[in-house]
Each structure stands twice: as structure tokens, then as C-alpha cells.
Amino acid sequence: MLTRKGKYGLKAMILLAKEHGHGPMLIGDLAEHEAIPKKFLENILLALKHRGLVHSRKGPHGGYQLGRTPERISVGEIVRALDGPLALVSCVSQTAYAPCEECVTEKECAVRRVFQQVRDETARILDGTTLAAAASLESR
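Overview of the structure.

What counts, and at which threshold
Residues numbered from 1 in each chain as written. Predicted model: local features only at pLDDT ≥ 70, side-chain atom pairs only at ≥ 80, totals over all residues. Heavy atoms only, no water. Helix = DSSP H or I, 4+ residues; strand = E, 2+ residues; numbered from the N terminus. Buried < 20%, exposed > 50% of the residue type's maximum accessible area, 1.4 Å probe, protein only. Contact = heavy atoms within 4.5 Å. Areas by Shrake-Rupley, 256 points an atom, 1.4 Å probe, with all protein chains shown as cover. Phe/Tyr/Trp six-rings, centres within 6.5 Å; stacked < 30°, edge-to-face > 60°. Axes fitted to C-alpha atoms, helices over the stretch in contact; angles between N-to-C directions. Parallel < 35°, antiparallel > 145°, perpendicular 65-115°, else oblique. Nonpolar A, V, L, I, M, F, W, Y, C, P; charged D, E, K, R; others polar. Salt bridge = Lys/Arg side-chain N within 4 Å of Asp/Glu carboxyl O. Disulfide = S-S within 2.5 Å. 1 Å grid on protein atoms, 1.4 Å probe; cavity = no way out; pocket = protein on both sides within 12 Å on 5 of 7 lines; lining within 4 Å. Points joined across faces, edges and corners; volume = space filled by probe spheres on them.

Let us now look at the overall build of the protein. The secondary structure content of the protein amounts to six helices and two strands. The order of helices and strands in the protein, counted from the N terminus, is α-α-α-β-β-α-α-α. Oriented by its inertia axes, the alpha-carbon framework of the protein measures out at about 60 × 30 × 25 Å. A burial count over the protein gives 34% of its 140 residues as buried. Within the protein, residue pairs in contact and separated by at least 24 positions form 62% of the contacts whose partners lie at least 6 positions apart. With the model as given, the accessible surface of the protein reaches about 8600 Å², and the carbon-plus-sulfur share is 54%.

This is the structure we're talking about:
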């Protein structure tokens, strides 16, 4: 499930995508526009900054802006940066694999096969959806 951190992060990033090319956006404006608690948004943006998804600039014309163009950032990148792996079970994760203690053999586990398909489809959709595409969906 997408956490509140992930959802708020996506909302902030979509707004930054819509404002792309107009210079940095103040964190207070971002927080107010998306109804996100400012302190919480600061932590979210810091995590996104560590991944290179946003840049910040201090000073009178400072604020936050995207680290790359909206066409070069996927929704999947943002979700992983804020909420971790997409897989619902660790034995199918590509970024945080861990075997399940209760499985006799992964190869024959039906649960693993189902959740592998879920992970693959989730990754296909989220990694195949750019921030630009997500921003255009919201404005319809």
C-alpha cells in the first residue's frame, strides 16, 4: 500500500512537474497548495533530494524544483525513493530480496508466483508512467 509519505511526495512532485520551467517553488507554497504539513513535506523533499529527484536553492529566489525533466522521472522512482521496494513479499523484490522463512522451495511456491506477477505489473505501470504523464492526468 502507498503510504501517506509516498502519496504526499507524488502530489508534490506532480505540482513541481506542472511548474517545471518556471523556477523553484517555495516549500510553503507547495505545502499549502497540496495541503501537506510543511514539516512532513520538508522530510519528503529531503529524501527526494538525496535521490537526485529534486534540487533546492536557498535565497530570495530559492525553493525546490525537479532534478530532471518530468519526462525523465518515473512514478516508480518516486515511490521507491519514499516507500521502498514495490514488492509486497520480499522473495520477489528486485531491490530488497530476502527469502521467505516459511517456503520449502521458492521455485514451487504458488504464492510467490502470484506476487511476482503483481510486482511485475506494478513495476511496469509505475516505471512506465512519467511524472509528465501523471501531471497531465491530473489536469483533465
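Applying the stated criterion across every chain yields a total of one aromatic pair. Between Tyr8 and Phe40, the aromatic rings sit 5.7 Å apart at their centres with planes inclined by 75°, giving edge-to-face as the arrangement. Of the two residues, Tyr8 sits in helix α1 (residues 4-18) while Phe40 sits in helix α3 (residues 38-50), which places them 32 residues apart along the sequence. Phe40 sits in the partly exposed class, given a relative accessible area of 28%.

A word on the packing of α1 against α3. Between α1 and α3, the shortest axis-to-axis distance is 10 Å and the interhelical angle comes to 75°. Judged by the angle between their axes, α1 and α3 are roughly perpendicular. Facing α1, whose interface residues are Arg4, Lys5, Tyr8, Gly9, Ala12 and Met13, α3 presents Phe40, Leu41, Ile44 and Leu48. Each residue belonging to the contact of α1 with α3 can be placed in one class, and the counts come to seven nonpolar, one polar and two charged.

The next subject is the pattern of salt bridges. Per the stated rule, a full pass over the model turns up seven salt bridges. In this structure, the salt-bridge partner of Glu77 is Arg68, at a minimum N-O distance of 2.6 Å.

Glancing now at the state of the cysteines. Within this structure, the stated rule accounts for zero disulfides. You can see Cys91 has no disulfide; the closest cysteine sulfur is in Cys100, sitting 3.5 Å from it. For Cys91, a relative accessible area of 3% puts it in the buried group.

Once that is clear, we can look at the layout of surface pockets. When its volume is computed, the largest pocket comes out at roughly 200 Å³. The wall of the largest pocket is formed by 14 residues, among which Met1, Leu2, Pro85, Leu86 and Leu88 lie closest to the centre. With four residues, the single largest contributor to the lining of the largest pocket is helix α5 (residues 110-127). Its residues assigned to classes, the lining of the largest pocket comprises nine nonpolar, three polar and two charged.

Purely geometric numbers; function is a separate question.
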